[in-house]
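Structural description and commentary
Given next are the chains, with one letter for each unit.
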Amino acid sequence: MREWTLTTENNDKIELVLRLMSLSGIQQRIVLLQEPIVSISSYQNQLWIIHHSTQVLRKEQALSYVLLDIGYDHYSIGPLTSTPKTKLSCVFYIFR
């Protein structure tokens, strides 16, 4: 597997680099995350990333999300609220 590196202006610690490519293979975006990804789901121009927001504690998880709208060059972030015994099994879109 080929390793990719990315240098930032502030010498930030980068744990994960997610490279978003077009169908023709041109890099469109780079998403930098500090913690491991748990799940990814996409539909059309939207990409929803669920990731650990802190170090994983015993039997408890602190999860956050990043929702990217690539078509409008917009994103939102926030925590996912859960109870101690909550388990994330799948992330998907529901249309009504």
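Residues numbered from 1 in each chain as written. Predicted model: local features only at pLDDT ≥ 70, side-chain atom pairs only at ≥ 80, totals over all residues. Heavy atoms only, no water.

1. Things to note about the overall build of the chain
- Scanning the chain from terminus to terminus reveals 0 helices and 6 strands.
- In sequence order, the secondary structure elements of the chain are arranged as β-β-β-β-β-β.
- Relative to its 96 residues, the chain shows a buried fraction of 21%.
- Considering only contacts within the chain whose residues lie at least 6 apart along the sequence, 26% involve residues at least 24 apart. (Helix = DSSP H or I, 4+ residues; strand = E, 2+ residues; numbered from the N terminus. Buried < 20%, exposed > 50% of the residue type's maximum accessible area, 1.4 Å probe, protein only. Contact = heavy atoms within 4.5 Å.)

2. Describing unusual backbone geometry
- In the Ramachandran plot, Q44 falls in the positive-phi region, its phi being about 50° despite a non-glycine side chain.
- Checked against the element boundaries, Q44 lands in the loop between β3 (37-43) and β4 (46-52).
- Of note in the backbone geometry, D73 takes a positive phi value of approximately 55° without being a glycine.
- With respect to the element layout, D73 can be found in the loop between β5 (63-69) and β6 (74-80).

3. Comments concerning the side chain of S39
- Turning to its location among the elements, S39 is positioned in strand β3.
- Look at S39 and you get buried, because its relative accessible area is 17%.
- Setting aside residues up to four positions removed in sequence, S39 forms contacts with W48, I49, I50, L88 and V91.

4. Considerations on the sheet that holds β5
- Strand order across the open sheet formed by 4 strands is β3-β4-β5-β6, with antiparallel pairing between neighbours. The sheet is open, and its two borders are formed by β3 and β6, each paired with just one other strand. Neighbouring strand axes in the sheet, compared pairwise and without regard to direction, differ in orientation by 15° on average.
- The pairing of β3 with β4 spans 6 bridges and is classified as antiparallel. Bridge assignment links S41 to a residue of β4, and that residue is W48. (Pairing = 2+ DSSP bridges. Axes fitted to C-alpha atoms, helices over the stretch in contact; angles between N-to-C directions.)

5. What to know about the pattern of salt bridges
- The final tally for this structure, using the stated rule, is 1 salt bridge.
- Measuring nitrogen to oxygen at the nearest pair gives 3.3 Å for the salt bridge that ties R29 to D73. Taken together, the residues R29 in strand β2 (residues 27-33) and D73 in the loop between β5 and β6 connect sequence positions 44 residues apart.
- Residue class for R29 comes out partly exposed when judged on its relative accessible area of 27%.
- Accessibility expressed as a relative area gives 60% for D73, which makes it exposed. (Salt bridge = Lys/Arg side-chain N within 4 Å of Asp/Glu carboxyl O.)

6. Overview of the nonpolar core
- Counting 8 residues, the largest nonpolar core is built from L18, L20, V31, L33, L47, I49, V66 and L68.
- Among the elements of the structure, β1 (16-21), β2, β4 and β5 are those that each provide at least two residues to this core.
- Residues in contact with V31, not counting those within four places in the same chain, are L16, V17, L18, L20, I49 and L68. (Core = buried A, V, L, I, M, F, W, Y, C linked by side-chain atoms within 4.5 Å.)

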